[in-house]
Amino acid sequence: MGGKLGIAQLPKGQLMLTRNDAGVFVNSDASPLIERDLQWSGPPDYITFSAPYVVAFIAGCIEVRSLTTGGIVQRVEFQDSQTVALGGDSLIHVSSLNCIWRLLPVSFEDQIEHLIASNQFIEAQRLIEELEFSSEEEKISNIIRVRGLYAHFMFTSERKYEEAISILSELRASPIDIVNLFPQFSLLGPSSELPVTDKVALAALKDYLILQRQILSKLRKLHQRPNHLPSNQIPPTFVSATNTEATTHTTIAASSLFSGSDHGVPDPVPFPATVLANAEDAVFLSSVVDTTLLKVYLTVNEALVGSLVRVENYCDIEESEGALKSKNKHRELIEFYYGKGLHRRALENLVDHPDGIVSYLKKLDINANVDLFIEFIGPVFDRDAIEGMNIFTDRYEEIPLKTQLKIQHYLEVRSSSLEARYLEYLIEDGGSEQPEFHDRIILLYLQELVDSLAEMQEPPPKTQGLLFSENTGGGGGGGGFVEDGNSSDLGTRKTIAFLLMRRKLVSFLEKSKFYRPDRVVGLFPEDVLLEERTVILGRLNRHTESLKICIEKLENYSLAQRYCEIHYSATDPLCSDIFITLLTLMLEVQKSSFATGNEKIKMDQIIDFVVQYGTYLDGTRILPLLPPTLPLSSLVGYFEKSLQSLHFTDHNAKVGLNVATLEHIQVQEKLIEYQSRSITIMEDRQCARCSKKIAGSVFAAYAKDLVVHVYCMT
């Protein structure tokens, strides 16, 4: 059998046999190990084992191969070399005619670094796996480092983007390490490197960041919980690579994949790898991931940006703002501001867009942001006052007094009519009972009337009491107002508006129970707007003064009678004699006007009044007031009404007494019925509620002979 033969002893009793350039491995019983065959570059002259390599002398050179993979690790050429001598402790001597070389094994640390420097990452990993380390953690740490460097090499040199990111993801690398692979997104600051624009790389980064968002979301929730999760439910710890500047913001809970290397990858500040990232770390990493994802969306597909900014995110505000502005993503920028609560920035960008301001303000809580409403709502009011008012009034949340006062003050400065509309909304729709609001709206109505009076060329038209709702049918139109029987003065818009405003003011004065009449009455002029004044005086129980206005100034006796009907109260000493007061005033006017020959009220009118309101007038008090010459026959109607009233009152009293007596008798009969009942309590009688024996306890009986303890009745 021809060819060169060789043999080398291996660990565990194994042997390596060579014939020409082929090498095979066999066990101690000569059975072959097929999976470990290797191929030399030529027929070896000598072979030996130097863990973890096999070394062969082939045609004047030393060839070193991995025992595990069979791959060539090193090749050393020797000029004119002829013989090889092997010694202990992996010593190899090579000689020529005039020289001897001694080959010494390099330390494994240097070997690993040499393999890494020559981009032989798989060989470096194999070497680490075959070596013994002081601890398993140290061995794993070295393997992770080599794999991380291999992934970096794949990304930067081989352009295998997906595979590289997949390896780093498997190694639980920090998102910062992966982001830094893209110079345009790197946290290390401006870089002279060209940006990675490959679509495959950007798509891989996008998918990775989306996955990391989910992981970080779980991690943040974990830190928010009071109790720790079981260890099998804790999200994986990230391995971080970050520069010194980034570490000023957070403490990442692991060391970098690339730390300690000098092969173009930046070293981070080392962190303890056994510590789970705290809440602050999780938030920082979330900021890195979300900010980078936003930039990736802007690069690969701008339509995806909205889906990120509209949900909860941790994007860095300044970086994201700049990125969105650079792409003119105005709508997404506003949505980003809203999600971050940066409402002022959003509204500042919407100053020239009233529609945008309206939409944005409708989404805000007016109680928490009322100052922003007031500051930025101006353009909306400038365009359409009704639309501006709707922003304040079309609210579903409850608005406290403090907010209402701020809005009122803003509208007061802007326009009294807008302020009045807002106060009407608060009082009529919101049911506000604040006296300040009620007083203020009265003042606004009054000010509008006073201004209208100042603009009129002629005295205001008389209303003959038609300002009051009963006399106008509650209609709201201008019909029914007259002045001296001539309605031609009501043809102008201003006059109609003036009368309608008076009707509104009178209606409010009558219906509102929360304004302060003692403060309001001093605001009204003495010579005009007298109907309104009578309403306020009535609230102050100044009935004589109010009735004098009706009789003497307005000369409106029907209005005076209406006033008495509204304010009369038999139980209130201030109001029980109001009809007698009116009668006295009417008699005084009749007497004085009769003496002057200009009779303003006739006696027949007074008699009709006495007859009509006879039930409210005490005969013993009014008869002395009437003229002694007045025939009694003219008062027959009054006496009939008085007698009917007395009879009705007496009858009602008797009926009430009989009803009370009957009820008393019924109660007595019921009491006798209950008192006549008897219940036998035997020794074994139980409570119907708790099922315990009654025995000597205090008990109570219900219908159908149900007996319970007194304390069980509740």
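Keep in mind that this is a model prediction, so the values were computed, not measured. (Residues numbered from 1 in each chain as written. Predicted model: local features only at pLDDT ≥ 70, side-chain atom pairs only at ≥ 80, totals over all residues. Heavy atoms only, no water.)

1. Overview of the overall build of the protein
Turning to step 1, where the next piece is worked out: Within the protein one finds 29 helices and 13 strands.
Turning to step 2, where the next piece is worked out: Sequence separation of 24 or more characterises 48% of the internal contacts of the protein that already satisfy a separation of 6 or more.
Turning to step 3, where the next piece is worked out: Looking at the protein as shown, the accessible area adds up to about 39,600 Å², and 53% of this sits on carbon and sulfur atoms. (Helix = DSSP H or I, 4+ residues; strand = E, 2+ residues; numbered from the N terminus. Contact = heavy atoms within 4.5 Å. Areas by Shrake-Rupley, 256 points an atom, 1.4 Å probe, with all protein chains shown as cover.)

2. Here we look at the packing of helix α23 (residues 530-539) against helix α24 (residues 543-553)
Turning to step 1, where the next piece is worked out: Between α23 and α24, whose axes approach to 8 Å, the crossing angle comes to 160 degrees. Taken together, the axes of α23 and α24 are roughly antiparallel relative to one another. Every pair of crossing elements has a handedness; the one defined by α23 and α24 is left-handed. Residues Leu530, Arg533, Thr534, Leu537 and Gly538 of α23 pack against His543, Glu545, Ser546, Ile549, Cys550 and Lys553 of α24.
Turning to step 2, where the next piece is worked out: For the contact of α23 with α24, a count of residues per class yields four nonpolar, four polar and three charged. (Axes fitted to C-alpha atoms, helices over the stretch in contact; angles between N-to-C directions. Parallel < 35°, antiparallel > 145°, perpendicular 65-115°, else oblique. Left-handed = near helix turned anticlockwise from the far one by under 90°. Nonpolar A, V, L, I, M, F, W, Y, C, P; charged D, E, K, R; others polar.)

3. Details of the packing of helix α16 (residues 385-393) against helix α18 (residues 416-429)
Turning to step 1, where the next piece is worked out: The contact between α16 and α18 brings their axes to 11 Å, and the two run at 35 degrees. Crossing handedness for the pair α16 and α18: right-handed. Each of Ala385, Ile386, Met389, Phe392 and Thr393 in α16 lies in contact with α18, whose residues at this interface are Leu418, Arg421, Tyr422 and Tyr425.

4. Topic: the environment of aspartate 352
Turning to step 1, where the next piece is worked out: Structurally, aspartate 352 can be placed in the loop between α12 (343-348) and α13 (354-363).
Turning to step 2, where the next piece is worked out: Each C-alpha atom of the pair aspartate 352 and proline 379 lies 7.8 Å from the other, and the pair is 27 residues apart in sequence.

5. Topic: the sheet that holds strand β3 (residues 22-26)
Turning to step 1, where the next piece is worked out: Read from one edge to the other, the open sheet built from four strands follows the order β1-β2-β3-β4, with strand pairing classed as antiparallel. Sheet topology places β1 (5-9) and β4 (38-39) at the edges, where each strand pairs with a single neighbour.
Turning to step 2, where the next piece is worked out: Sheet topology note: the β3/β4 ladder contains two bridges and is antiparallel. Counterpart to alanine 22 in the pairing with β4 is glutamine 39. (Pairing = 2+ DSSP bridges.)

6. Here's the deal with the sheet that holds strand β5 (residues 46-50)
Turning to step 1, where the next piece is worked out: Reading across from one edge, β5-β6-β7-β8 is the order of the four strands in this open sheet, with antiparallel pairing throughout. The sheet is open, and its two edges are formed by β5 and β8 (72-77), each paired on a single side. Averaged over all pairs of adjacent strands, the angle between their axes in this sheet comes to 20 degrees, without regard to strand direction.
Turning to step 2, where the next piece is worked out: Here β5 pairs with strand β6 (residues 53-58) via five bridges, running antiparallel. Each residue of the ladder has a partner; that of threonine 48, found in β6, is valine 55.

7. Thoughts on the nonpolar core
Turning to step 1, where the next piece is worked out: By size, the foremost hydrophobic cluster in this structure holds 101 residues, and its most contacted members are Phe182, Phe392, Leu411, Ile442 and Phe524.
Turning to step 2, where the next piece is worked out: Among the elements that take part in this core, helix α8 (residues 279-300) stands out by supplying ten residues, more than any other.
Turning to step 3, where the next piece is worked out: Sequence-distant contacts of phenylalanine 524, that is, excluding residues within four places in its chain, are made with Ile442, Leu446, Leu505, Leu509, Leu529, Glu532, Arg533 and Ile536.
Turning to step 4, where the next piece is worked out: Judged by nonpolar contacts, the second largest core, of 30 residues, contains Leu547, Tyr557, Leu585 and Val610. (Core = buried A, V, L, I, M, F, W, Y, C linked by side-chain atoms within 4.5 Å. Buried < 20%, exposed > 50% of the residue type's maximum accessible area, 1.4 Å probe, protein only.)

8. A word on the pairing of β8
Turning to step 1, where the next piece is worked out: In terms of strand pairing, strand β7 (residues 61-66) meets β8 through five bridges, oriented antiparallel. Counted as the bridge partner of isoleucine 62 is valine 76 from β8.
Turning to step 2, where the next piece is worked out: Adjacent in sequence and paired antiparallel, β7 and β8 are bridged by five residues, among which glycine 70 carries a positive phi angle near 80 degrees.

9. Observations regarding the pattern of salt bridges
Turning to step 1, where the next piece is worked out: Overall, the coordinates contain 34 salt bridges when judged by the stated rule.
Turning to step 2, where the next piece is worked out: Across the pair glutamate 113 and arginine 145 runs a salt bridge, and its minimum N-O distance is 3.0 Å. Here glutamate 113 is found in helix α1 (residues 108-117), whereas its partner arginine 145 is found in helix α3 (residues 136-158), with 32 residues between them in sequence.
Turning to step 3, where the next piece is worked out: For glutamate 113, a relative accessible area of 27% translates into the label partly exposed.
Turning to step 4, where the next piece is worked out: Classification of arginine 145 by relative accessible area gives buried; the value is 11%.
Turning to step 5, where the next piece is worked out: Several salt bridges share partner residues, and in doing so they unite Glu302, Arg310, Lys329, Arg331, Glu332 and Glu335 into one network. (Salt bridge = Lys/Arg side-chain N within 4 Å of Asp/Glu carboxyl O.)

10. Brief notes about the confidence of the model for the protein
Turning to step 1, where the next piece is worked out: The pLDDT averaged across the protein works out to 81; a share of 85% of its residues lies at or above 70.
Turning to step 2, where the next piece is worked out: Confidence drops under a pLDDT of 50 for residues 227-276, and excluding neighbours within four residues, the segment shows 117 contacts in the predicted structure.
Turning to step 3, where the next piece is worked out: Predicted confidence is poor over residues 471-491, with pLDDT under 50, and the contacts of this stretch with residues over four places away or in other chains come to 35 contacts. (pLDDT = per-residue confidence, 0-100.)

11. As for the environment of histidine 152
Turning to step 1, where the next piece is worked out: Relative to the elements of secondary structure, histidine 152 occurs in helix α3.
Turning to step 2, where the next piece is worked out: On the accessibility criterion, histidine 152 (16% relative accessible area) is buried.

12. Quick look at a nonpolar patch on the surface
Turning to step 1, where the next piece is worked out: Side chains of Val698, Tyr702, Leu706, Val710 and Met713 sit close together on the surface and give an oily, nonpolar patch of about 430 Å² of accessible area.
Turning to step 2, where the next piece is worked out: Along the chain, methionine 713 falls in the segment after β13 (707-709). (Patch = residues over 30% accessible without salt bridge, like charges linked within 9 Å, V, L, I, M, F, W, Y side chains within 5 Å.)

13. Structural notes on α1
Turning to step 1, where the next piece is worked out: Turning to α1, its buried residues are Gln111, Ile112, Leu115 and Ile116. For α1, the arc enclosing every buried residue in end-on projection is 135 degrees, short of the 170-degree limit, so these residues lie on one face. Residues Glu109 and Ala117 are exposed on α1 and point more than 90 degrees away from its buried face. (Arc of directions from axis to C-beta.)

14. Some points on the packing of aromatic side chains
Turning to step 1, where the next piece is worked out: Enumeration over the complete set of coordinates arrives at 20 aromatic pairs.
Turning to step 2, where the next piece is worked out: Between the aromatic rings of phenylalanine 155 and phenylalanine 182, the centroid separation amounts to 5.1 Å while the plane-to-plane angle is 70 degrees, which identifies the pairing as edge-to-face. With phenylalanine 155 in helix α3 and phenylalanine 182 in the loop between α5 (175-179) and α6 (199-224), this pair connects stretches of sequence that are 27 residues apart.
Turning to step 3, where the next piece is worked out: The exposure class of phenylalanine 182 is buried, given its relative accessible area of 0%.
Turning to step 4, where the next piece is worked out: Considering the side-chain rings of phenylalanine 336 and tyrosine 337, the 6.3 Å spacing of their centres and the 45 degrees angle between planes classify their relative orientation as tilted. For the pair phenylalanine 336 and tyrosine 337, one class covers both residues: buried.
Turning to step 5, where the next piece is worked out: By the ring-pair criterion, three or more aromatic residues cluster together here, those being Phe381, Phe392, Tyr410, Tyr422 and Tyr425.
Turning to step 6, where the next piece is worked out: The ring centre of tyrosine 338 lies 4.4 Å from the NZ or CZ of lysine 363, which sits over that ring. (Phe/Tyr/Trp six-rings, centres within 6.5 Å; stacked < 30°, edge-to-face > 60°. Lys NZ or Arg CZ within 6 Å of the ring centre and 35° of its normal.)

15. Description of unusual backbone geometry
Turning to step 1, where the next piece is worked out: The backbone phi angle of asparagine 328 is positive, close to 55 degrees, even though this residue is not glycine.
Turning to step 2, where the next piece is worked out: Its location among the elements puts asparagine 328 in the loop between α10 (317-326) and α11 (330-340).
Turning to step 3, where the next piece is worked out: Phi at serine 691 is positive, roughly 65 degrees, even though this residue is not glycine.
Turning to step 4, where the next piece is worked out: Here serine 691 is to be found in the loop between α29 (636-675) and β12 (699-701).
Turning to step 5, where the next piece is worked out: Classification of serine 691 as partly exposed rests on a relative accessible area of 47%.

16. Notes on the environment of glutamate 375
Turning to step 1, where the next piece is worked out: Relative to the elements of secondary structure, glutamate 375 occurs in helix α14 (residues 370-376).
Turning to step 2, where the next piece is worked out: Residue glutamate 375 is classed as partly exposed on the basis of its relative accessible area of 44%.
Turning to step 3, where the next piece is worked out: Taking C-alpha positions, glutamate 375 is 9.5 Å from leucine 347, a pair spaced 28 residues apart along the chain.

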